[in-house]
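Reading the structure
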Amino acid sequence: MLRNRLLPWFTLSALGLGALAGCERSPEAPVAAPSAPAVAAVKPPAVPDATAVAKLASHFFQAPRGEAPLPADTEAQVALGRMLFHEPRLSKNHDVSCNTCHGLDTFGVDNKALSDGHRGQKGSRNSPTVYNAARHIAQFWDGRAATLEAQAEGPMMNPVEMAMPGAKHVEATLSSMPEYTARFRAAFPKERKPVTLSHAAKALAAFERTLTTPSRFDRFLAGEHAALTSSEQRGLEAFVTTGCTTCHNGPAVGGTSFQKLGLVEEYPKLTDAGRFDATKNEDDRGYFRVPTLRNVEKTGPYLHDGSVQDLPTMVRLMGRYQLGRTLKDGEVDDLVAFLKSLTGELPPAERISAPPLPPSTKRTPKPDPS
């Protein structure tokens, strides 16, 4: 590491300065102005070979197999989706919104192992980040929702999460507020019945497709090689050469496939059936949708159950159980450094902060804590 290479220089400099300070000088001798302390030059990251960079970068450009083109969302749909994302009245007791578990100012998560839903109930799986989710092959850990639209409906109806009694209750709630009626009409102008659960899900998906987080890693891939430090560049190379890109590839650095947890060595105490719950195919038991690694520094705790608290531990576990390798401390340091370079810029506040929501009316269903 650069710091270790510079340490002997700093030590020798300190000894030299100490010796000079101890020299005797006659009182009448003029006192020279102290010289400025020497500053070690910071060595810029090495400029990697363009061919090598292109080879490394190739793992992060391809889209998931069979990925459909993204829909042509309108600004009216995105604006409505932003409101709905922060709308607690889409929950039975008016106290849980999408943003409750997927905090947009905390990189799309709540940093809890298991999130709190209706009546404080906890689910069985960690809430994944909503950022960059549009590039995933499917949604939820078990991939039971093929699209963002399908995913958006699920939590509203889940009795542990938002606990709405059904689609009609959602539609009655939204239709009770004139501003929502007008906004649905603007977002879906050709529809005879604009306020529907399906259209609410489409608006939420449109908003979520705007939730991307460009990072220094993207600048590196675009040719700005100084965007990554030497350690981060070593970590990127290790990430590719050790086999991490077998699962964590594509634009989201993950999310493009399903993988068995404990691929090389059986993962201890794994009781979650994973994708089997969605497909009932025995071959899918213990498989999970590979998570994105963008912003992974900020989105712990990790794994489907939130059982791993820190990133270095997670890297070591993946090395052992997925790759069959015991990673050395230096390798872990470099890999973690690279993973931190995937921390991106959040969208501006005017895109992700809670907007003003319309007031309830006499027709709006009351909160129900039951």
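Shown above is the structure to which this text applies.
Everything quoted here is computed from the prediction, not taken from an experiment.

**Overview of the state of the cysteines**
- Per the stated rule, a full pass over the model turns up zero disulfides.
- For Cys 98, which is in no disulfide, the shortest distance to another cysteine sulfur is to Cys 101 and amounts to 8.7 Å.
- The class of Cys 101 is buried, set by a relative accessible area of 12%.

**Observations regarding the pattern of salt bridges**
- The full count for this structure, using the stated rule, is 20 salt bridges.
- Here Lys 122 makes a salt bridge to Asp 116, at a shortest N to O gap of 2.5 Å.
- Classification of Lys 122 as partly exposed rests on a relative accessible area of 46%.
- Assessed through its relative accessible area of 26%, Asp 116 is described here as partly exposed.
- Residue Arg 234 is joined to Asp 334 by a salt bridge in which the shortest nitrogen-to-oxygen separation is 3.0 Å. You can see Arg 234 sitting in helix H10 (residues 230–241) and its partner Asp 334 sitting in helix H13 (residues 329–340), a full 100 residues away along the chain.
- On the basis of relative accessible area, Arg 234 is assigned to the partly exposed category, the value being 37%.
- Overlapping salt bridges, with partners in common, bring together Arg 125, Asp 142, Arg 144, Asp 272 and Asp 277 in one network.

**Describing the packing of aromatic side chains**
- On inspection of all chains with the given rule, the structure shows eight aromatic pairs.
- Ring centres 5.1 Å apart and planes at 55° place the aromatic pair Phe 239 and Phe 338 in the tilted group. One end of the pair, Phe 239, is in helix H10; the other, Phe 338, is in helix H13, and 99 residues separate them in sequence. Neither Phe 239 nor Phe 338 differs from the other in exposure class; each is buried.
- A connected cluster of aromatic rings, assembled from ring pairs, spans Phe 60, Phe 217, Phe 239 and Phe 338.
- Positioned above the aromatic ring of Phe 276 is the side chain of Arg 285, whose terminal nitrogen or guanidinium carbon lies 4.0 Å from the ring centre.

**Let's talk about the side chain of Thr 343**
- Mapped onto the fold, Thr 343 is located in the loop between H13 and helix H14 (349–352).
- By relative accessible area, which is 19% here, Thr 343 ends up buried.
- Side-chain polar atoms of Thr 343 contact the side chain of Glu 297, separated by 2.7 Å.
- If near-sequence neighbours (up to four positions away) are discounted, Thr 343 is found in contact with Phe 107, Ser 215, Asn 295, Glu 297 and Lys 298.

How each quantity is defined
- Residues numbered from 1 in each chain as written.
- Predicted model: local features only at pLDDT ≥ 70, side-chain atom pairs only at ≥ 80, totals over all residues.
- Heavy atoms only, no water.
- Disulfide = S-S within 2.5 Å.
- Buried < 20%, exposed > 50% of the residue type's maximum accessible area, 1.4 Å probe, protein only.
- Salt bridge = Lys/Arg side-chain N within 4 Å of Asp/Glu carboxyl O.
- Helix = DSSP H or I, 4+ residues; strand = E, 2+ residues; numbered from the N terminus.
- Phe/Tyr/Trp six-rings, centres within 6.5 Å; stacked < 30°, edge-to-face > 60°.
- Lys NZ or Arg CZ within 6 Å of the ring centre and 35° of its normal.
- Polar contact = N/O pair within 3.5 Å; in protein donor to acceptor, adjacent residues only side chain to side chain.
- Contact = heavy atoms within 4.5 Å.

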